[in-house]
Structures are given as C-alpha cells and as structure tokens.
Amino acid sequence: MKIRAQVSMVFHLDKCIGCHTCSIACKNLWTSRRGTEYMWWNNVETKPGTGYPTLWEDQGKYKGGWKHGKEKPGLLLQGRAAAFMNIFFNPFLPSIDDYYEPWTYSYRDLFDSPHGEDQPVAMPVSEITGKNMEIEAGPNWDDDLGGSYIYAAGDPNMKAVTEEERRQMFELERMIFFYLPRICNHCLNPGCLAACPAGAIYKRAEDGIVLVGQDKCRAWRMCVSGCPYKKVYYNWETGKSEKCILCYPRQETGQPPACFHSCVGRIRYLGMLLYDADRIEQTAALPGSGLVKGFREIVLDPFDPGVIKKAGEDGVPEQAIKAAQASPVYKYLVKWKLALPLHPEFRTIPMLFYVPSLLPVTASVRNGLYEPADEFFGALENTRVPAAYLASLFTAGDSSEIVAVNKKLYAVRLFKRAQSVGDVDRKKLDRLLEEAQTTPEEIEEIYQMTSLAAYRERFAVPPFMREQAIEAMEDPAARKGDAGAGFISKMKRGW
Amino acid sequence: MADGIYFVVFPYLAFFFAVFGGVYRFNARRYTFSSSSSQLLENRALFWGSVPWHYGIILILLAHLIPIIHAPLWIWLHREPLRMFFFELAGAALGFLTLLGIFVLIARRIFNPGARAVTTAMDWVLLAALALQVLAGFYITFFYRWGSAWYVYTAVPWLRSLVSLNPHMEYITPLPWVLRLHAVNAFVIIGLFPFTRLVHVVSVPFSYLWRPYQIDIGYKKSREEGQPEGEGISRRNFFLKAVIGTLSAVSGLILLVPYIKAIISPAPLKKTEWSKVGDISSIMPQQPKAMNFEMESVEAYMHHMALRSVWVVKESGGELKVFSPICPHLGCHYRWDPGTGHFECPCHGSVFSITGTVLGGPAPRPLDTLPFRIENNILYVKWERFEVGIPQKVRI
Ligand code: SF4
Ligand code: SF4
Ligand code: FES
C-alpha cells in the first residue's frame, strides 16, 4: 500500500442550470490568449449530444484511454514503439474543425466605415488566419438541442438504449436533456500522461493535479489523443499542449478553482481523497461491471487510524489528511455512493465524479399543480432518460448502479417533501427508504450538503503546503496575457 | 580562397553555431523548443507531406552518416554489383519520397490559410534550404550515378578530415557545382538548426520506450537530495538505465578504438603485402587483361577476404604494367574496349590509353599503376588505393 492524496471533485448534475458561468470564468482567467481561443478547459455540454470536441466519447474515432485485456496495461492509441511511427503524423488527432474555428468580429468597421447608404456590419473574422470566415460551428453550438436529430441522435451513448427508448426520447412532449459540465478529471491513471513521448506531463505528488510541463513539451500531440475526455488542448500558436490546471495557483492561496467559485448552481464540490497508489493498475484492469465499485475501493477511509498512520509514513502531511476528512467528495463518492465517474470504462480512473440528474420524470402536472407520480418505484426504472443511457455515461453500462443512485436521490426528495408538504404516504416512504438503503439521518446529511452547504463546506481546499510545491511562484498572473499561468518571463513561439 | 571559405571555414562556423546556439537556446529559451506541429490546423495534406518527408530524410541521413562513421563497412557493402544496384535504387526511391514530402509541406503552407498563419519567416528559410538540398541531392542521384559508391571517396574523406581537425578540401573542390552546392547547403542547414524549428530533431523521445507510464513529481525529497523527486521514475528504471548506459559505453569504447585509429589514419591498418595474382604467361601483348585475386584485408576492425582485380597490360616490348582498376576521377571501375583500344570509364566518360594516359573526360590524372613483381611467371602485386578526383597520386 502506498497512500497518496488527490484533489478531487463532485458535480451535482441536478443543480446545473447550464449558464456557462464556469466556462467563462475559466476562459477569462486562463485561455484568453492567442492559440488558446478554441480551448475550453471547462465546457458545459448538453446531453444527449455530441459534445466538444464533436464525438469525443467515440474512442473508435479518437483512440483515447486504455485498452482492456489480460495483457499488460496499454493505451488504446498505440504501443510505445508505434508512438515513434506516428510521431510525424498522429492519425487520431482531432483537427480544429472537430472543435471549431475561433472567431471575433471586425468591430472596427462599425466605426471606421465611410459614410454611405448601407449600415456597416461587423463581419466574422477568424482568430487563426485573420481572414473573414463563415461560421460553421462554435462553442456550445448544440446547446439545449437535446432532442435534435443531428446532435442528440449522434450521441455515442445512444447506442446503449433500445430502439423503443430511443423513439420515446425523441417524442416532443417527452423530450429531455441535461447539462454535463466537464473539466480535466485529474485522473489517477491519466491517458494523457501515459501517451506523452517527451514525458512532459506529470502528476503533482502533493495533490495529484495533472500538469503539462511547458518547457518539456515538444508538440508531439499524443496527449491530445491519449486523453479519452479530450481535455488536453494543443496551442497552435506556441506549439505546446495545455490543459486545465485546476487553478492550482488559486488553490495554493486557499481558494477553490475559478469555475468552482463562480458556479451559479453551486453544483461543484472539491476535496481531498486518500488513495492507494499501488492499486491503480489493478483497478484500471477491472472488468467493466466492477469499475465503479473499484473506484470507490481504491479510495481509503481517512478516519481509519491504520490509514492515517500509513499516510503519515508515506509522506502525506497531516493537513492533507485533515482535508481528506473534511472532503465532501469522500461523502458523495464513498459514504453515500451517490457520485459516479464519467465513462469509467476509459480506465483512466477520473477523479471528477457526477451525481447523475434525477430528471423530473416521475412527476406530472395535474390541474396546474406539480404532482409526484403515484407509482414511483416503477417510474424510477422507466425514467424519461433511460437508465441504460445514464449507465453508458457513468457506470460502464451497469444500470443497477444508476437505479440505486436514483432511488436514493428520490428518497431524499420525497423525504423532504413529506417534511415540508406532508402529502407523502408514510408507508410508501418507509418502503422507499428501505429500497434505497438509506436512513433519515443520512438523508438529512445529503440534504444539508446538497442544498444548504456553505462555501467552505463545498470547497474543502487543502491548505497549501508551500514547501511541497515546485510551482511556487512569485506572481502567477504576471504573464497571464501572453504566456499563461505561472510564467515569470515572457514566452513566445519559437522561430 | 573562396573554396577555403565554403569548404573549411563555413562548415566549422555552421557547426559552432549549431552547437552553441542550440545549447544556448535549450538553456535560456527552452520553452521555444518544439516541433511546432501544425497538424491541428491542417490535417490532410500534412499526412502526404510529413510522413514521406520524415521517413525518407531519416533513412537518407543515415545513409550519409554510416560511411562517415565507418567507411569500410560501406565500401564492403558496395563490393557486389547487385548490392550497389540496390543502394542506387533505394537512394533514388528515398530521394523521391523526400522530394514529394517537402513539396507537399511547402504547398500546404502556401495554400492552406491555417498552416500559413502559423508559418514564421524562419520556417520559410528552413523550407527553402531543405528544398534546395533535396533537389540537389535528387539531381545528383540521376546525373552522377552510383553516388553511394563514390560518396565514400569524395565527401566522406572531406568530412572526416573536418572532424579530425585536419581539413582537406581537395576531395570536394574539384567536384561539379551541384555536388559542391549540396555540400555547402548541408552546412547551411546545420547552421540554421538553432534558429528554426529544426531544434526538434534533438528531442527524439527515446526514453518513452522504457519510462513508466505514469509520472509523479513532488518536491518533498528535493530538499534532502537536491532535486525534484520523481516517484514514477523508480529504482528499477534507474537500474535499467544504468545497465543500458554501461553496456553502450563499453561497446562504444570498443568500437571507438579502431575508429580513432581510422580517423587518425584512414588507410587500412594492415601494411600492404604482396598478393599472389596468377599466371601471366598467357597474356598477349597489347591485350589488357583483368585479373582477379583474393587478398585478406583489414579495415578498421574488420578482417575479411576481399576479391580484388587489376588490369595487367603487356606492352609491345614485353614490358608489364599493372593498373589499379579504380578510375582516378571518382572511383568507378573502368573497362577495356577492344574496338577502340582504349580504357573507358562508364560513369563520367573518362578515356585512357593503353599506357594509362588520359585521352579525354574529367579524369584528373593517368591511371594508377601498382607495384608488382614476377616469380616463375606468377604475378604478385602490392594492392594500394589512391585518392580519387585529384591530380596527384596520393595513397590512402
Ligand atoms: S481527464 Fe484527460 S487530461 Fe485530465 S488527467 Fe485524465 S487523461 Fe489527463
Ligand atoms: S456555472 Fe455551475 S451551474 Fe452554471 S453551467 Fe457551470 S456548472 Fe452549471
Ligand atoms: S569515375 Fe568519373 S569518369 Fe571514372
């Protein structure tokens, strides 16, 4: 056993309102430079949908993540020797069109145009070439188009649902969608890192944040392909790959990442987890149905005296252990078993977990009044977004996990309704609690963390242990505009 | 004078720029070390450009490098006509590949707006230099045949003389202008190395073959050990590296000794001895005969039995002459044409009389005679080799 600490995250999808505040916070902070315009380290996509970059989940196309087989661990992308064959041309690299060509408008024309008959217009101008362009796609082009035949129907997860379910999903009056905010998962077994020929990417030992060493990156672009979540982006201007840094300069001053801080729906939680680094390989090799459970098991109980002792021996500082004990992520993931990993079958062991949305399928509007469905047990298995769809997203196809989470979420909801409105049948409620394997105490705790938790409860930012951080710097924002985070000197593309 | 600048001063200067510029850029501006790929912006043409270009140029560079490192091996490889033919063909094919590659690479940077947007001034300079180099190389392949054979006797000794700090440009100066251009432009490219994206060629990520998949870097141990701790770079790996390192160092040393000797004196190490050629009683006057014989040759650290041949000429007076079969121009094997009664070289058309004097063509000096003696009608010769392409007869 080798214990390490990892900053990890939970996004509660039921609470996301799709406002994109998070994306903008991130963009303004980190990716407003030339070469990064097209990058959205944080993006919010509509599900069902094809996402950003288009069809990122389709590993037949992009070859991200790990192979699953009996042999030694290997990337889906290529073997080690093959990396040298493909280094001149990466056959699985998304092109700018798979994201979108960034543009601005020629606003100057509005002011500078000579006097004339026509109203001057601001034409779209490519931020890459500086030429006028036709806009064909943009960030969140498919926003809210959850029922569309182009975007929703193209969603790779739709393969998991039956024809009948599919038909129902596209019925106008049943149509449903939800938002999926995505950032880098700061995985335990990152595909990006494993794919980097130059060895430029690394995991910070003190908090597990995955970073691209900018001085070591040589633009081999394998990380872009190796990450199944497409969360490493190639900066075409500087010739370096960049990715979400989980706002480590903010964390080092005690603040949560900007996207967490600014989240309007307060859907985001951040906290430390202690895990057993010796079990990474074994966990990543689990069969599909065992992955979610395996992910929970690799995380260790921060209250267990044995774990605390061993963690200390392995060099995890006391403050980090304390942070792990206060972690809301530990509660959602291990204690309540409500949070699930996104596409665990990519086997990178992502450290961002999602509480799937309990879509309002079990309620209806009768006589203008919002009514919960009478027969909620049946309804839970027959939700408007089929469990198979969510299972394809969050549990490697295991619908029973989804149903279990849904039951608990529903139990919380009905329990609180019984308390505040009082129109829930006591017997039914007891049965639901039993089926959801929960107790009134646990429900109160979940309710508290989900609905009422204050800033410091949601974000248990581990105290920054300055003596442990390589990246400690004088002013992380000194070169923000031209180089990015943490550069002391001006950085420019080479000759 | 000008030649001295092109073929001695400039190569050293370019090398100096490459090394010091490269080291400086790596230390002072490491962030700019990148292959600066534009694949994200232009994906289709890149395949047809980058892949043939890189595969072609790497193999071609190797073919240029091996004879410099170990000429005897290369000479030995070219001893069989069939193998020589293979090299000629492979060279032409690879040349075509690189030509196609660089053409596509340039075209996409001109015509694709995305690729053009990320093309710097130095990129154009580099592309121009590379295109010129490939074009010249391609031209040489077709108009100066058997380049892989005579390269060893022209550019190689020149380059080796540069390496051994004892520059002899006379190997290269008499060559046609395309070859001289090819040689000088090679050093232009070397000089451009630190000022362009070419720096990526020294970033071949070999360690990817053995490094662990995952890398964790913490600062914890750095205070005790003086450098960041790489937990992923485990002891096992260090051990592996140490073993590989030691092995290559030892084998390198073993190989190095003959190399150094060869550099100091590129001639075969073993002193030439009398080799038995054969019975000459049947040779008719005025009818040159090619006689084959075997001799043991020792070149650097390779011992092997080599098949040699010499031209034996009995003059009308009964006097004997033995010619080395190597054309003094650029080292092809000439032949006897009984029709004209001349020796003729097929490569560049030098013509020699039966006494070895030059009658025409680019050959700079008469055919080289070899020392011989005769015992009981059996001919013995002392096999010797001479520099080609120069007017003086200089033993190698
Ligand atoms: S999500 Fe992608 S970029 Fe982030 S650590 Fe995992 S593999 Fe790397
Ligand atoms: S800021 Fe919060 S609520 Fe808004 S889109 Fe982002 S994650 Fe959702
Ligand atoms: S090698 Fe050129 S003429 Fe003989």
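Residues numbered from 1 in each chain as written. Chains lettered and ligands numbered in written order. Predicted model: local features only at pLDDT ≥ 70, side-chain atom pairs only at ≥ 80, totals over all residues. Heavy atoms only, no water.

Asker: Help me understand the overall build of chain A in this model?
Answerer: Counting its regular elements, chain A contains 22 helices and 15 strands. Looking at chain A residue by residue over its 495 residues, the buried ones come to 60%. Excluding contacts between residues fewer than 6 apart, the proportion of contacts in chain A whose partners are at least 24 apart in sequence is 71%. Carbon and sulfur atoms make up 54% of the accessible area of chain A, which amounts to about 19,800 Å² in all. (Helix = DSSP H or I, 4+ residues; strand = E, 2+ residues; numbered from the N terminus. Buried < 20%, exposed > 50% of the residue type's maximum accessible area, 1.4 Å probe, protein only. Contact = heavy atoms within 4.5 Å. Areas by Shrake-Rupley, 256 points an atom, 1.4 Å probe, with all protein chains shown as cover.)

Asker: Where do I start with the overall build of chain B in this structure?
Answerer: Regarding its fold elements, chain B presents 11 helices and 12 strands. Per-residue burial for chain B yields a buried fraction of 48% across its 396 residues. In chain B, the proportion of contacts linking residues at least 24 apart, taken out of those at least 6 apart, comes to 61%. Accessible surface for chain B amounts to roughly 20,300 Å². Of this, 69% is attributable to carbon and sulfur atoms.

Asker: How should the site of ligand 2 be read in this particular structure?
Answerer: Near ligand 2 there are 14 residues, and of these A:Cys16, A:Cys19, A:His20, A:Cys22 and A:Cys263 occur at the shortest range. Residue classes in the shell around ligand 2 are distributed as 9 nonpolar, 4 polar and 1 charged. (Near = heavy atom within 4 Å. Nonpolar A, V, L, I, M, F, W, Y, C, P; charged D, E, K, R; others polar.)

Asker: What exactly am I supposed to notice about the site of ligand 1 here?
Answerer: What surrounds ligand 1 is the set A:Cys184, A:Asn185, A:His186, A:Cys187, A:Pro190, A:Gly191, A:Cys192, A:Val210, A:Cys227, A:Tyr229, A:Val232 and A:Lys243. Classifying every residue of the shell around ligand 1 gives 8 nonpolar, 3 polar and 1 charged.

Asker: What is the right way to read unusual backbone geometry from this model?
Answerer: In most cases, non-glycine residues show a negative phi, while peptide bonds are predominantly trans. Residues and elements named next belong to chain A. That bond from Lys47 to Pro48 is cis: its omega, -5°, falls within 30 degrees of zero. In this fold, Pro48 is placed in the loop between strand S2 (43-47) and helix H2 (59-62). Of the consecutive residues Tyr52 and Pro53, the connecting peptide bond is found in the cis state with omega at -10°. Counting through the fold element by element, Pro53 comes out in the loop between S2 and H2. Positive phi values are uncommon outside glycine, yet Arg347 reaches one of about 65°. Relative to the elements of secondary structure, Arg347 occurs in the loop between strand S12 (340-341) and strand S13 (352-355).

Asker: Mind showing me how you'd approach the sheet that holds S13(A) here?
Answerer: Pairing between the strands of a sheet comes from backbone hydrogen bonds, and it takes one of two forms, parallel or antiparallel. All names here are of chain A. Ordered in space as S11-S10-S1-S13-S12, the 5 strands form an open sheet in which the pairing is mixed. In this open sheet, the two strands that pair with only one neighbour each are strand S11 (299-300) and S12. Relative to S13, strand S1 (residues 3-12) is paired through 4 bridges, and the arrangement is parallel. For Phe11, the partnering residue across the bridge sits in S13 and is Tyr354. (Pairing = 2+ DSSP bridges.)

Asker: What am I meant to see in the interface of chain A and chain B here?
Answerer: Reports of interface size often rely on the accessible area that becomes lost once the parts have come together. Every contact between the two is made by 63 residues of chain A and, on the other side, 55 residues of chain B. Both sides together, the interface formed by chain A and chain B hides about 5,300 Å², and carbon and sulfur atoms give 59% of it. Viewed at the interface, chain B and chain A are joined by 1 salt bridge. For B:Asp216, the salt bridge identified is with A:Arg4, shortest N-O distance 3.1 Å. Secondary structure elements with two or more residues in the side of chain A that touches chain B: helix H3 (80-85), helix H4 (96-99), helix H8 (191-195) and strand S6 (201-204) of chain A. Each residue belonging to the side of chain A that touches chain B can be placed in one class, and the counts come to 36 nonpolar, 12 polar and 15 charged. The pairing of S6(A) with strand S1 (residues 216-218) of chain B spans 2 bridges and is classified as parallel. Opposite A:Arg204, over in S1(B), you have B:Ile217 as the bridge partner. (Buried area = accessible area lost by both parts, 1.4 Å probe. Salt bridge = Lys/Arg side-chain N within 4 Å of Asp/Glu carboxyl O.)

Asker: Where do I start with the pattern of salt bridges in this structure?
Answerer: Close approach of charged atoms allows side chains with opposite charge to pair. Residue and element names in this part refer to chain A. Following the criterion strictly, the structure yields 32 salt bridges over all chains and no others. A salt bridge links Arg426 to Asp430, with the nearest nitrogen and oxygen atoms 3.3 Å apart. One end of the pair is Arg426 and the other is Asp430, both in helix H20 (residues 426-435) and 4 residues apart, which spans about a single turn. By relative accessible area, which is 37% here, Asp430 ends up partly exposed. A single network of salt bridges, built from pairs that share partners, joins Arg204, Glu206, Asp207 and Glu252.

Asker: I would appreciate a short explanation of the domain arrangement of chain B in the present structure.
Answerer: Assigned domains of chain B: these are domain 1 (2-217) and domain 2 (275-381). Computed from C-alpha coordinates alone, the two centres of domain 1 of chain B and domain 2 of chain B are separated by 38 Å. (Domains from an automatic or database assignment.)

Asker: For this particular structure, what's the right way to read the nonpolar core?
Answerer: Side chains that are nonpolar tend, in soluble globular proteins, to be buried together. With 146 residues, the main nonpolar core has A:Tyr38, A:Ile183, A:Phe260, A:Leu274, A:Tyr332 and A:Phe394 as its most contacted residues. Top element by residues in this core is helix H19 (residues 399-420) of chain A. It accounts for 9 residues. Contacts of A:Tyr38, omitting those with residues within four sequence positions, involve A:Lys27, A:Tyr52, A:Ile96, A:Tyr99, A:Tyr100, A:Pro102, A:Tyr233, A:Tyr234, A:Trp236 and B:Leu40. Grouped together as the second largest cluster of nonpolar side chains are 22 residues, B:Leu46, B:Ile102, B:Leu130 and B:Leu192 included. (Core = buried A, V, L, I, M, F, W, Y, C linked by side-chain atoms within 4.5 Å.)

Asker: Whenever I open this one, the packing of aromatic side chains confuses me. Can you help?
Answerer: Scanning the model with the defined rule gives 43 aromatic pairs over all chains in all. Centre to centre, the rings of A:Tyr149 and A:Phe170 are 4.8 Å apart; their planes meet at 20°, and the pair counts as stacked. Within this pair, whereas A:Tyr149 is found in the loop between strand S4 (124-126) and helix H6 (151-154), its partner A:Phe170 is found in the loop between helix H7 (163-169) and strand S5 (178-182), the two being separated by 21 residues in sequence. Their ring planes at 75° and their centres at 6.5 Å tell us that B:Phe16 and B:Phe17 sit as a pair that is edge-to-face. Judged by relative accessible area, B:Phe16 falls into the partly exposed class, the value being 45%. Residue class for B:Phe17 comes out partly exposed when judged on its relative accessible area of 41%. Taken together through their ring pairs, the aromatic side chains of A:Phe11, A:Phe260, A:Tyr354, A:Phe394, A:Tyr455 and A:Phe459 make up a single cluster. The side chain of A:Arg80 reaches across the aromatic face of B:Tyr208, ending 5.7 Å from its centre. Above the ring of B:Trp76, the side-chain terminus of B:Arg83 is found at 4.7 Å from the ring centroid. (Phe/Tyr/Trp six-rings, centres within 6.5 Å; stacked < 30°, edge-to-face > 60°. Lys NZ or Arg CZ within 6 Å of the ring centre and 35° of its normal.)

Asker: Which parts of the structure should I look at to understand the sheet that holds strand S3 (residues 274-279) of chain B?
Answerer: All names here are of chain B. Taken together, the 3 strands give an open sheet; going across it, the order is S3-S12-S11, and neighbouring strands pair in antiparallel fashion. Strand pairing shows two members of the sheet lacking a second neighbour, S3 and strand S11 (372-375), which therefore form its edges. Strand-to-strand twist across the sheet, computed as the mean angle between neighbouring axes with direction ignored, equals 25°. Two strands pair when backbone bridges link them, and S3 and strand S12 (residues 378-382) are joined in this way by 5 bridges, in the antiparallel orientation. Bridge pairing links Gly278 to Leu379 in S12. (Axes fitted to C-alpha atoms, helices over the stretch in contact; angles between N-to-C directions.)

Asker: Would you mind showing me how to read the packing of helix H18 (residues 387-394) of chain A against H19(A) here?
Answerer: To characterise two packed helices, one gives the angle between the axes of the helices and the distance between these axes. Residues and elements named next belong to chain A. Across the interface, H18 lies against H19 with an axial gap of 8 Å and an inter-helix angle of 105°. In terms of axis orientation, H18 runs roughly perpendicular to H19. For the pair H18 and H19, contact is made by Ala387, Ala388, Leu390, Ala391 and Phe394 and by Ser399, Ile402 and Val403, respectively. Taken together, the residues that form the contact of H18 with H19 break down as 7 nonpolar, 1 polar and no charged. (Parallel < 35°, antiparallel > 145°, perpendicular 65-115°, else oblique.)

Asker: Could you clarify how one ought to interpret helix H16 (residues 328-335) of chain A in this entry?
Answerer: Given 3.6 residues per turn, any residue in an α-helix points the same way as the ones three and four places further on. All names here are of chain A. The element H16 is extensively covered by neighbouring structure, given that 6 of its 8 residues are classed as buried. Among the residues making up H16, those that are buried are Pro328, Val329, Tyr330, Tyr332, Leu333 and Val334. Its side-chain oxygen 3.1 Å from the backbone nitrogen of Val329, Ser327 forms the N-cap of H16. Of the residues trailing H16, Lys337 is marked for its positive phi of about 55°. (Polar contact = N/O pair within 3.5 Å; in protein donor to acceptor, adjacent residues only side chain to side chain.)

Asker: Whenever I open this one, the side chain of B:His182 confuses me. Can you help?
Answerer: Here B:His182 lies in helix H9 (residues 177-192). B:His182 gets classed as buried once you look at its relative accessible area, which sits at 17%.

Asker: Sorry if this is basic, but what is going on with the state of the cysteines here?
Answerer: Per the stated rule, a full pass over the model turns up 1 disulfide over all chains. The side chain of B:Cys332 participates in a disulfide bridge whose partner is B:Cys347; the two sulfur atoms lie 1.9 Å from each other. Between B:Cys332 and B:Cys347 the disulfide shows an S-S torsion of about -85°. By sign, it is left-handed. Of the two residues, B:Cys332 sits in the loop between strand S6 (320-323) and strand S7 (335-337) while B:Cys347 sits in the loop between strand S8 (342-344) and strand S9 (351-352), which places them 15 residues apart along the sequence. Given the relative accessible area of 12%, B:Cys347 is considered buried. With no disulfide partner, A:Cys217 has as its closest neighbouring cysteine sulfur the one in A:Cys223, 6.3 Å distant. (Disulfide = S-S within 2.5 Å.)

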